[in-house]
Amino acid sequence: MLIEDNKILAEGIYKNLKEIGYLVDLFNDGELGLYALETTTYDLLILDLGLPIIDGIEIIKKLRKSKHALPILVISARDKLDQKILGLETGADDYLCKPFDMEEVIARVQALLRRSKNNLTHIITYNDLTYNTKTFILTKGNTVIELSKRELKIFECLLQNQNAIVSKENIVEHITTMDDDFNPTAVETYISRLRKKLGLSINIKTVRGLGYIMN
Ligand code: CA
């Protein structure tokens, strides 16, 4: 996710990241950005500090308060160097001074993503199920449960967002890349297969008009 109110700069970063294959959500003010952060799962946040409505520092504080482990790359003007210290102390992971080269942004993004992947624990447990996000193996006790790649990715998406409503669009984003053509209504089919295959081990509720929630 990218939150930057300078539209030209924002478009530039957005375009460059998209070109190398990242999916990017772009917001131009802090309020909309924060709302999206609270309702959607992201791998990384690129954050400007001076933002309309809610500023960057406030966003970092809010995220860290709710124990968000999201890697944050702060981008800000050189004359706000004191904010660098503030940003890092508040919980940003890295800092880049404006103006910067796009190559530098990409390098920092890749480094942060690598670091966070290495730090993440790969095992998620849910009721009697254990899922390894690295090997994509789902087990119940000592038995491996056979799921298709898409079923697994959908299950993973619900698993990572336990107790939160996940829309069909969120699910589609999670299981596809930009070039895939995937109809959100097909999600229903996969959900019913998951319910069938996982039986009592899972509790996926349909929230009419909004999506699904796994408690
Ligand atoms: Ca700004």
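Placed above this text is the structure.
Reading guide: rules and limits
- Residues numbered from 1 in each chain as written.
- Predicted model: local features only at pLDDT ≥ 70, side-chain atom pairs only at ≥ 80, totals over all residues.
- Heavy atoms only, no water.
- Salt bridge = Lys/Arg side-chain N within 4 Å of Asp/Glu carboxyl O.
- Helix = DSSP H or I, 4+ residues; strand = E, 2+ residues; numbered from the N terminus.
- Core = buried A, V, L, I, M, F, W, Y, C linked by side-chain atoms within 4.5 Å.
- Buried < 20%, exposed > 50% of the residue type's maximum accessible area, 1.4 Å probe, protein only.
- Contact = heavy atoms within 4.5 Å.
- Pairing = 2+ DSSP bridges.
- Donors = N, O, S within 2.8 Å, 3.2 Å for Na, K, Ca; no water.
- Axes fitted to C-alpha atoms, helices over the stretch in contact; angles between N-to-C directions.
- Arc of directions from axis to C-beta.
- Polar contact = N/O pair within 3.5 Å; in protein donor to acceptor, adjacent residues only side chain to side chain.

Asker: Help me understand the pattern of salt bridges, please; the structure alone is not making it clear to me.
Answerer: Oppositely charged side chains can pair when the atoms bearing their charge come close. Under the counting rule described, the total for this entry stands at ten salt bridges. A salt bridge links aspartate 94 to arginine 108; the nearest nitrogen and oxygen atoms lie 3.2 Å apart. On the criterion of sequence distance, the pair formed by aspartate 94 in strand E5 (residues 94-98) and arginine 108 in helix H5 (residues 102-119) is long-range, its members being 14 residues apart. A single salt-bridge network, built from bridges that share partners, covers Glu4, Asp48 and Lys98.

Asker: I would appreciate a short explanation of the nonpolar core in the present structure.
Answerer: General note: in soluble globular proteins, nonpolar side chains tend to be found buried as a group. The biggest cluster of nonpolar side chains holds 27 residues, and the ones touching the most others in it are Leu138, Phe155 and Ile202. Broken down by secondary-structure element, the contributors of at least two residues to this core are strand E6 (123-126), strand E7 (129-132), helix H6 (149-160), helix H7 (168-175), helix H8 (186-198) and strand E12 (211-214). Element by element, the count of residues in this core is highest for H6, at six residues. The contact partners of isoleucine 202, leaving out residues within four places of it in the chain, are Tyr126, Leu129, Phe155, Leu194, Arg195 and Met214. Grouped together as the second largest cluster of nonpolar side chains are 22 residues, Leu47, Ile57, Ile60 and Tyr95 included.

Asker: Could you clarify how one ought to interpret the pairing of E12 in this entry?
Answerer: Moving residue by residue along a regular strand, the side chains alternate between the two faces of the sheet. By the bridge criterion, two bridges tie strand E10 (residues 165-166) to E12 in an arrangement that is antiparallel. The residue of E12 that forms the bridge with isoleucine 165 is isoleucine 213. Of the strand pairs in this sheet, strand E11 (residues 204-207) and E12 are connected by four bridges, and their pairing is antiparallel. In the sheet register, lysine 205 faces E12, and the bridge partner there is isoleucine 213.

Asker: Could you clarify how one ought to interpret the coordination of the calcium ion in this entry?
Answerer: In ideal tetrahedral geometry, four donors around a metal make angles of 109.5 degrees, whereas ideal octahedral geometry with six donors gives angles of 90 or 180 degrees. Bound to the calcium ion are the protein donor atoms Asp5 (OD), Asp48 (OD) and Gly50 (O), situated 2.1 to 2.3 Å from the metal. Residue aspartate 48 is classed as buried on the basis of its relative accessible area of 4%.

Asker: What is the right way to look at the sheet that holds E10 in this model?
Answerer: Paired through their backbone hydrogen bonds, the strands of a sheet run either parallel or antiparallel. Spatially, three strands are ordered E10-E12-E11 in an open sheet, and the strand pairing comes out antiparallel. The outermost strands of the open sheet, each flanked by one partner alone, are E10 and E11. Most of the contacts of H6 go to E12, to which it runs at about 65 degrees, and overall it touches E10, E11 and E12. Sheet contacts for H8: E11 and E12; angle to E11, the most-contacted strand, approximately 150 degrees.

Asker: Could you clarify how one ought to interpret helix H2 (residues 30-39) in this entry?
Answerer: Residues lying three or four places apart along an α-helix face the same way, a consequence of the helix completing one turn every 3.6 residues. When H2 is considered as a whole, its buried residues turn out to be Gly30, Gly33, Leu34, Ala36 and Leu37. All buried residues of H2 project into a common sector of 160 degrees when viewed along the axis, lining one side. In H2, the exposed positions angled more than 90 degrees off the buried face are occupied by Tyr35 and Glu38. Elements in contact with the buried residues of H2: strand E1 (2-3), strand E2 (26-27), strand E3 (45-48) and helix H3 (56-65). Where H2 begins, the side chain of aspartate 29 points an oxygen toward the backbone nitrogen of glutamate 31, at a separation of 2.8 Å.

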